[in-house]
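Residue-level structure breakdown
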2 protein chains.
Amino acid sequence: MSAGVRRGPGRPADDGADRRQAILDAAREQFAEKGYAAASVRAIARVADVDPALVHHYFGSKEKVFVAAMELPFDPADRLSVALEGDLDDLAERLTRMFLGMWADPMFRTPMLGLVRSAFTSEQGATMLREFVGEALLGRVAQAASTAGPVDPLRVQAAAGQLVGVVILRYVVRLEPLASASDEDLVALVAPVVHRHLYGG
Amino acid sequence: MSAGVRRGPGRPADDGADRRQAILDAAREQFAEKGYAAASVRAIARVADVDPALVHHYFGSKEKVFVAAMELPFDPADRLSVALEGDLDDLAERLTRMFLGMWADPMFRTPMLGLVRSAFTSEQGATMLREFVGEALLGRVAQAASTAGPVDPLRVQAAAGQLVGVVILRYVVRLEPLASASDEDLVALVAPVVHRHLYGG
């Protein structure tokens, strides 16, 4: 038995892949039960019957455990961090392009739509999505956008509403011409609205 | 056996309420199978084993059959028609207030969220929602907004995206402060965006 894992009676022999999988299963269970905010690496490790250090070793942080457990191909917060760098004048355009670009990728869209669907079908799904989006994504936008002066969280959420609504009508409802429009046409239409929400005018 | 209904063997004795219910059951089946556009009053009547005239007698139109079958407390297109009357300058504000007002009503919100959920869970649900929204709602907005000059359908859909995204973040994801904001605060934030999408600027 290797270090960092306590094997219970009757548990099959496990290697790294098994332990990683056990962590992901435990993480899905914990996030679904407790939401994103209240789930902890410690509790996930306990349920997976591994040492918390092993969770950090495999994934690095709770956010990254969540991303892996939800089978997202990348952490949207990492893309967001890149978009948040640079001129505030172009921030809205970078955010809009980043957001539409992520959703254009079916590897991201499919699991992300699953997450949104779970918000429609259960209270726990809604809590999980709300806390992840609020903590890992919107809080960072509000902070970055506020460099030039405080930005009302309601305005950040109105901007998010424009982006979320467009991708739902584009990829779920599939209204035409929206479903077939180019990302760049949508950036031209939507980025000024995101800018307006963040900075008024 | 009363006029307007052909009773099959083994079918229980029916009165007006039974026939109305049979029409609604048939309608749900037809809309789910064929979508909104391809379902017809004639086919619904055939499945319900009643005369098409009886469907018109009870409901008036396919749109109203749909509204009743989906258990919406009113036809959103009727609210829309009221909002579309009047000055084009205030059109966006009236549309935004009408839209948020409908969604504030749990009698509307609950079945409407069911419809949106079905778009997430099945291809047929998406088709049904897309065709109803496109035909009964957005087409009318585009037509009314175009009085002052043609309005690009993509712009109408971007405006719809702003409204849809806000109600999803407000009522499904329940982000704060959006979930607790007053309708009027949201009208102030969102109506100028709807106006901008419809009329540029």
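Structure's up top.
Residues numbered from 1 in each chain as written. Chains lettered and ligands numbered in written order. Predicted model: local features only at pLDDT ≥ 70, side-chain atom pairs only at ≥ 80, totals over all residues. Heavy atoms only, no water.

**As for the overall build of chain A**
- Each helix and strand counted, chain A has 10 helices and zero strands in total.
- Going from N to C terminus, chain A has its helices and strands arranged as α-α-α-α-α-α-α-α-α-α.
- For chain A, the spread of C-alpha atoms along the three principal axes comes to 65 × 40 × 25 Å.
- Considering chain A as a whole, with its 201 residues, one finds that 52% of them fall into the buried category.
- Once local pairs closer than 6 in sequence are excluded, the contacts in chain A between residues at least 24 apart make up 61%.
- The centroid of the 22 positive side-chain charges in chain A is displaced by 4 Å from the centroid of its 26 negative side-chain charges. (Helix = DSSP H or I, 4+ residues; strand = E, 2+ residues; numbered from the N terminus. Buried < 20%, exposed > 50% of the residue type's maximum accessible area, 1.4 Å probe, protein only. Contact = heavy atoms within 4.5 Å. Lys, Arg positive; Asp, Glu negative; His and termini not counted. Charge placed at Lys NZ, Arg CZ, Asp CG, Glu CD.)

**Brief notes about the pattern of salt bridges**
All names here are of chain A.
- Across all of its chains, the model carries 18 salt bridges over all chains by this definition.
- The closest approach of N and O atoms between Arg170 and Asp183, which form a salt bridge, is 2.9 Å. In this pair, Arg170 sits in helix H9 (residues 153-172) while Asp183 sits in helix H10 (residues 183-199), placing the two residues 13 residues apart along the sequence.
- When salt bridges that share partners are traced, they join Glu63, Lys64, Asp75, Asp78 and Arg140 into one network. (Salt bridge = Lys/Arg side-chain N within 4 Å of Asp/Glu carboxyl O.)

**Quick notes on the interface of chain B and chain A**
- Facing the 39 residues of chain B at the interface are 39 residues of chain A.
- Each partner contributes to the roughly 3500 Å² buried at the junction of chain B and chain A, and carbon and sulfur atoms together form 73% of this total.
- Taken as a group, Phe120(B), Leu154(B) and Leu189(B) account for 20% of the area that chain B buries against chain A, more than any other trio of residues on that side.
- For the interface between chain B and chain A, the tally reads two salt bridges.
- A salt bridge links Arg174(B) to Glu123(A); the shortest N-O distance between them is 2.6 Å.
- Here chain B and chain A share 14 residue pairs in polar contact (both at pLDDT 80 or more) between them.
- Breaking the side of chain B that touches chain A down by element, the ones donating at least two residues are helix H7 (106-121), helix H8 (123-145), helix H9 (153-172) and helix H10 (183-199) of chain B.
- Among the elements that take part in the side of chain B that touches chain A, H9(B) stands out by supplying 14 residues, more than any other.
- Taken together, the residues that form the side of chain B that touches chain A break down as 25 nonpolar, seven polar and seven charged. (Buried area = accessible area lost by both parts, 1.4 Å probe. Polar contact = N/O pair within 3.5 Å; in protein donor to acceptor, adjacent residues only side chain to side chain. Nonpolar A, V, L, I, M, F, W, Y, C, P; charged D, E, K, R; others polar.)

**Some words on unusual backbone geometry**
Residue and element names in this part refer to chain A.
- Omega for the peptide link from Glu176 to Pro177 comes to 15°, which places this bond in the cis form.
- You can see Pro177 is positioned in the loop between H9 and H10.
- For Asp49, which is not a glycine, the phi torsion comes out positive at approximately 60°.
- Considering the arrangement of structural elements, one finds Asp49 in the loop between helix H2 (41-48) and helix H3 (52-59).
- Note on Asp49: relative accessible area 19%, which makes it buried.

**Some points on the packing of aromatic side chains**
Residue and element names in this part refer to chain A.
- Evaluation of the coordinates by the stated rule reveals 19 aromatic pairs over all chains.
- With centroids separated by 5.7 Å and ring planes inclined at 20°, the aromatic side chains of Phe31 and Tyr36 adopt a geometry described as stacked. In terms of burial, Phe31 and Tyr36 fall into one category: buried. (Phe/Tyr/Trp six-rings, centres within 6.5 Å; stacked < 30°, edge-to-face > 60°.)

**Comments concerning the packing of helix H4 (residues 62-69) of chain A against helix H8 (residues 123-145) of chain A**
Residues and elements named next belong to chain A.
- Viewed as axis vectors pointing N to C, H4 and H8 meet at an angle of 125°, and their least axial separation amounts to 12 Å. Judged on the interaxial angle alone, H8 and H4 are oblique. Crossing angle aside, the handedness with which H4 passes H8 is left-handed. Across the interface between the two elements, Glu63, Phe66 and Val67 of H4 pack against Met128, Phe132, Ala136 and Arg140 of H8.
- Residues of the contact of H4 with H8, tallied by class, amount to five nonpolar, no polar and two charged. (Axes fitted to C-alpha atoms, helices over the stretch in contact; angles between N-to-C directions. Parallel < 35°, antiparallel > 145°, perpendicular 65-115°, else oblique. Left-handed = near helix turned anticlockwise from the far one by under 90°.)

**Comments concerning the relation of the copies chain B and chain A**
- Mapping chain B onto chain A is achieved by rotating through 180° and translating by 0.0 Å along the same axis, at an RMSD of 0.0 Å. Put plainly, the chains are arranged around a two-fold axis.
- Taken as a fraction of all interface residues of chain B, those also at the interface in chain A reach 100%, which identifies the copy contact as same-surface. (Least-squares fit on C-alpha atoms with pLDDT ≥ 70 in both.)

**Side note on the nonpolar core**
- By size, the foremost hydrophobic cluster in this structure holds 159 residues, and its most contacted members are Phe31(A) and Phe31(B).
- With sequence-adjacent residues up to four places away left out, Phe31(B) is seen in contact with Tyr36(B), Ala39(B), Ile44(B), Lys62(B), Val65(B), Phe66(B), Met70(B) and Met128(B). (Core = buried A, V, L, I, M, F, W, Y, C linked by side-chain atoms within 4.5 Å.)

**What to know about helix H3 (residues 52-59) of chain B**
All names here are of chain B.
- Taken as a whole, H3 has its buried residues at Leu54, Val55 and Phe59. Projection of H3 onto a plane perpendicular to its axis shows the buried side chains occupying an angular sector of 110°, all on one side.
- The distance from a side-chain oxygen at the start of H3 to the backbone nitrogen of Ala53 is 2.9 Å, and the residue carrying that oxygen is Asp51.
- Trailing H3 by a residue or two, Gly60 shows a phi angle of about 100°, which is positive. (Arc of directions from axis to C-beta.)

This is a description of form; function is not addressed.
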